[in-house]
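Now for the letters of each chain:
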Amino acid sequence: MNDLAQLSVTEARAGLDRGDFSSRELTEGVLAQIRSRNSELNAYLHVSLEPSLAAADAYDENPKRFTDPLAGIPIAVKDTIMTCGLPTTAGSKILAGYVPPYDATVIERLRDAGAVIIGKTNCDEFAMGASGENSAYGPTRNPVDPTRVPGGSSSGSAAAVAADMAMAALGTDTGGSIRQPAGLCGVVGMRPTYGTVSRYGLIAMASSLDTIGPITKTVADAAAVVSTLSGADPRDATSRESKHWSADALLSRDCTGLKIGVPKQYFPEAMDPAVAAAAREAIDALAAAGATIVPIDLPLTDLALAVYYVIVPAEVSSNLARYDGIRYGMSAAAESLTEHYRRTRSQGFGDEVKRRIMLGTYSLSAGYADKYYLQATKVRRLISNEFSKAFAGVDVIATPTSPHRAFKLGEKLDPLSLYLADVFTTPASLAGLPAISVPMPITGLPAGLQLIGPRHSDDLVMSLAHRYEQSASA
Amino acid sequence: MAISEKEVQNLAALAQLELSASEQKKFTEELGQILSFVSQLQSVDTTGVAPEGALAPMTEGRRDEAVVSDNQAILDAVPATEGGAVKSPRILT
């Protein structure tokens, strides 16, 4: 363990600005931590040794050139995000050895900010999974207890931040893939409002849900990352110009007298009782700080997973049609074109990917599209409307992030039981809402408190999480 | 809500996947379980409800067409090329 790797982004920023250390020293500290822990945890698929030191040196040459809070800070990137010149596999064999010819918009923004991209993190294949075990390059392990999973799909990003192998990381959240692993690893994970951060250059899983966001050690660090990444991008038609939030603005909304809704559906009997108790204590702490707690009813919550597992596979089946073994990635040569496609895709994709592609093919096929896909999109609207109605009466909704804590590797093998790990995170995803997971005080393995706000209230959600974090650590 | 092995075989063909006999059996069972799980949606009354697709209003602005990457960088990622073109197995036989 070295002292520099343990710093938060905010602490490292202050140290760089004071001249206590250089970006190179900071980067070398993080690289040393990766050398010491990655062989056990498998959080990184690729460590960008020389380019990261070159970026650190570029910062050190003229620090005053940069004004962004992330300048000179080592940041890890989930391997579903395109990085020009750095291998990008999305955790899949079908993209083994693929090196993108361009950067995702979020990577351009990090590079322009002067951030140091330190490497690419492991993930469930094409972001499909909730345990981090579903990568073609081996499972990631939880730094808190390496016999357990870190959660997923942003498994490597959460593990890297929790083990001080990155000061911050980018993850992606389709149904909970930032919040759930952040909760299970004891770090902060923020899913911004859908459309706040450009998806250009994100390897698509389910385009109507995929969202890029930060996994960090503190809420203030998450605010710094969201501030740098957000803003409209002409290359993503679903991105939109939200008012530009500075990191400070994201943390400084007035939180006095807020009404916080607590839905009973997020405290089922079958959940880990210690997690339920910790969440209730966290909500009591918010009340003690002046919030009014309002019990609310979100009866459609129980349907969210079913909606999710129709809509996501449908989008997956069309988004992953592009992997044909002709244009990029793995190629299993065959005489005929059809054989070429089939051989490449059968050898290149893992089981969960094949399952979702076939499910989506089924639910979009003639005779079933109305019954499954169309019906799911209608129930999705009902879920969205249910949240809108709730937000007429409350400012923020507070829930546990996950019903359980990190489980043992290999414990949940059947697909359906793994799907249930996302039961508390998929509803907000379907409605496109901003949601954050922040660690709660709890004995033993970590667990997160989830705060959900109305669309475009990212600043309110983060400000409240920031205050909660300060009270919880006091 | 079960699905037959024959249907799974057909889905695999539509999705350009080939499955071994044991995979076919396994996927038939798993897809059947997932379809049973999602069939709870059938009981929801959605009369008069408009479907929700993309959540953000699409921007209506258009951008100019522009070459954003050079051909060589793209060709470098192509598994098989010939004379600066992407090579594929014969399409017409």
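Calculation notes
- Think of each chain on its own: its residues are numbered from 1, step by step along the sequence as written.
- In the order they appear in the text, chains get letters beginning with A and ligands get numbers beginning with 1.
- Totals for whole chains, interfaces and linings use all residues, but because this is a predicted model, local features are given only for residues with pLDDT of at least 70 and pairs of side-chain atoms are given and counted only at 80 or more.
- Side-chain measures here rest on the full set of heavy atoms in the structure, leaving out hydrogens and waters.
- Only DSSP runs of H or I reaching four residues or more are called helices, and only runs of E reaching two or more are called strands; each is numbered from the N terminus.
- Both definitions apply: the radius of gyration is a C-alpha atom measure, and the globule rule equals 2.2 Å times residues to the power 0.38.
- Think of it in three bands: with a 1.4 Å probe and only protein chains considered, a residue is buried below 20% of the maximum accessible area for its type, exposed above 50%, and partly exposed in between.
- Accessible surface is estimated by sampling points in the Shrake-Rupley manner with a 1.4 Å probe; for residues, cover comes only from the protein chains shown.
- The rule is short: rings of Phe, Tyr and Trp, with Trp giving its six-membered ring, pair when the centres are within 6.5 Å, and they are stacked under 30 degrees, edge-to-face over 60, tilted in between.
- Whether a charge lies above a ring is judged from NZ of Lys or CZ of Arg, which has to be within 6 Å of the ring centre and within 35 degrees of the ring normal.
- Any two residues having at least one pair of non-hydrogen atoms within 4.5 Å are treated as being in contact.
- Between Lys or Arg on one side and Asp or Glu on the other, a salt bridge is scored when a side-chain nitrogen of the former is within 4 Å of a carboxyl oxygen of the latter.
- Points on a 1 Å grid, built from protein atoms alone, make a cavity when a 1.4 Å probe fits but cannot get out and make a pocket when they are open with protein on both sides within 12 Å along at least 5 of 7 lines; residues with an atom within 4 Å of a point are the lining residues.
- Grid points are joined across faces, edges and corners, and a volume is the space filled by probe spheres set on the points.
- Just so you know the grouping, Ala, Val, Leu, Ile, Met, Phe, Trp, Tyr, Cys and Pro go in nonpolar, Asp, Glu, Lys and Arg go in charged, and all remaining residues, Gly too, go in polar.
- Note on pairing: DSSP must find at least two bridges between two strands before they are called paired.
- Fitted lines through C-alpha atoms serve as axes, helices being fitted only where they are in contact, and the angles separating the N-to-C directions of these axes extend from 0 to 180 degrees.

A. Fine view of the overall build of chain A. Helix and strand counts for chain A stand at 16 helices and 11 strands. Radius of gyration (C-alpha) of chain A: 21 Å, near the 23 Å computed for a compact globule of 474 residues. Along the longest, intermediate and shortest principal axes, the C-alpha atoms of chain A span 65 × 55 × 45 Å. Expressed as a percentage of its 474 residues, the buried residues of chain A come to 66%. Accessible surface computed for chain A: about 15200 Å², of which carbon and sulfur atoms make up 52%.

B. Structural detail: the packing of aromatic side chains. For the coordinates displayed, the defined rule picks out 14 aromatic pairs over all chains. Pairing Tyr-362 of chain A with Tyr-368 of chain A gives two aromatic rings, centres 4.4 Å apart and planes at 25°, and the pair type is stacked. Assessed through its relative accessible area of 4%, Tyr-362 of chain A is described here as buried. Overall, Tyr-368 of chain A belongs to the partly exposed group, its relative accessible area being 25%. Chaining the aromatic ring pairs together yields one cluster made of Tyr-98, Phe-126, Tyr-323, Tyr-328 and Phe-349 of chain A. Here the guanidinium or amino end of Lys-412 of chain A rests over the ring plane of Phe-407 of chain A, the centre of that ring lying 4.7 Å away. The aromatic ring of Phe-27 of chain B is capped on one face by Lys-26 of chain B, whose charged end is 4.7 Å from the ring centroid.

C. Focus on the environment of Ala-104 of chain A. Residues and elements named next belong to chain A. By secondary structure assignment, the location of Ala-104 is in the loop between strand S2 (74-78) and helix H4 (105-113). A relative accessible area of 0% means that Ala-104 is categorised as buried. If we ignore the near neighbours within four places in the chain, the residues touching Ala-104 are Ile-81, Met-82, Tyr-200, Gly-201 and Leu-202.

D. Representation of H4 of chain A within the structure. Residue and element names in this part refer to chain A. Taken as a whole, H4 has its buried residues at Thr-105, Val-106, Ile-107, Leu-110 and Ala-113. Looking at the buried residues of H4, the elements they touch are S2, strand S3 (116-121), strand S4 (168-173), strand S6 (211-216) and helix H7 (219-229). At the exit of H4 stands Gly-114, carrying a positive phi of roughly 90°.

E. The arrangement of the pattern of salt bridges in detail. Residue and element names in this part refer to chain A. Per the stated rule, a full pass over the model turns up 25 salt bridges over all chains. A salt bridge links Asp-79 to Lys-120; the shortest N-O distance between them is 3.2 Å. Within this pair, whereas Asp-79 is found in the loop between S2 and H4, its partner Lys-120 is found in strand S3, the two being separated by 41 residues in sequence. In this structure, Asp-79 and Lys-120 share a single accessibility class: buried. In this structure, Arg-355 engages Glu-352 in a salt bridge whose closest nitrogen and oxygen atoms are separated by 2.8 Å. Highlighted residues: Arg-355 and Glu-352, both in helix H12 (residues 351-363), separated by three residues, approximately one helical turn. In this structure Arg-355 comes out as buried when scored by relative accessible area, which is 8%. Classification of Glu-352 as buried rests on a relative accessible area of 5%.

F. Region of the structure containing the layout of surface pockets. Residues and elements named next belong to chain A. By volume, the largest pocket amounts to about 510 Å³. Around the largest pocket, the lining comprises 23 residues; the ones closest to its centre are Met-82, Tyr-98, Tyr-102, Arg-322 and Tyr-328. Residues belonging to the lining of the largest pocket are distributed by class as follows: 17 nonpolar, three polar and three charged. One number sums up the size of the second largest pocket: a volume of about 250 Å³. Looking at the second largest pocket, it is lined by 19 residues, and the ones nearest its centre are Asn-134, Arg-355, Lys-412, Leu-413 and Leu-418. Looking at which element gives the most residues to the lining of the second largest pocket, the answer is H12, with four residues. Class assignment for the residues of the lining of the second largest pocket results in seven nonpolar, three polar and nine charged.

G. Representation of the side chain of Asn-38 of chain A. You can see Asn-38 of chain A is positioned in helix H2 (residues 23-41). When near neighbours in sequence (up to four residues on either side) are disregarded, Asn-38 of chain A contacts Ala-43, Tyr-44 and Met-165 of chain A.

H. Structural context of the sheet that holds strand S5 (residues 188-191) of chain A. Residues and elements named next belong to chain A. Ordered in space as S1-S3-S2-S4-S6-S5-S10-S11-S9-S7-S8, the 11 strands form an open sheet in which the pairing is mixed. Looking at which strands have only one partner, the edges of the open sheet turn out to be strand S1 (44-47) and strand S8 (292-296). Within this sheet the neighbouring strands show an average axis-to-axis angle of 25°, counted without direction. Examined bridge by bridge, S4 and S6 share six bridges and lie antiparallel to one another. Within the sheet, the bridge partner assigned to Leu-170 lies in S6 and is Pro-214. Packing against the sheet, helix H9 (residues 273-288) makes contact with strand S7 (259-263), S8, strand S9 (396-400) and strand S11 (448-452), and its axis sits at approximately 150° to S9. Relative to strand S10 (residues 435-439), helix H16 (residues 458-473) is tilted by about 10°, and along the sheet it contacts S5, S7, S9, S10 and S11.

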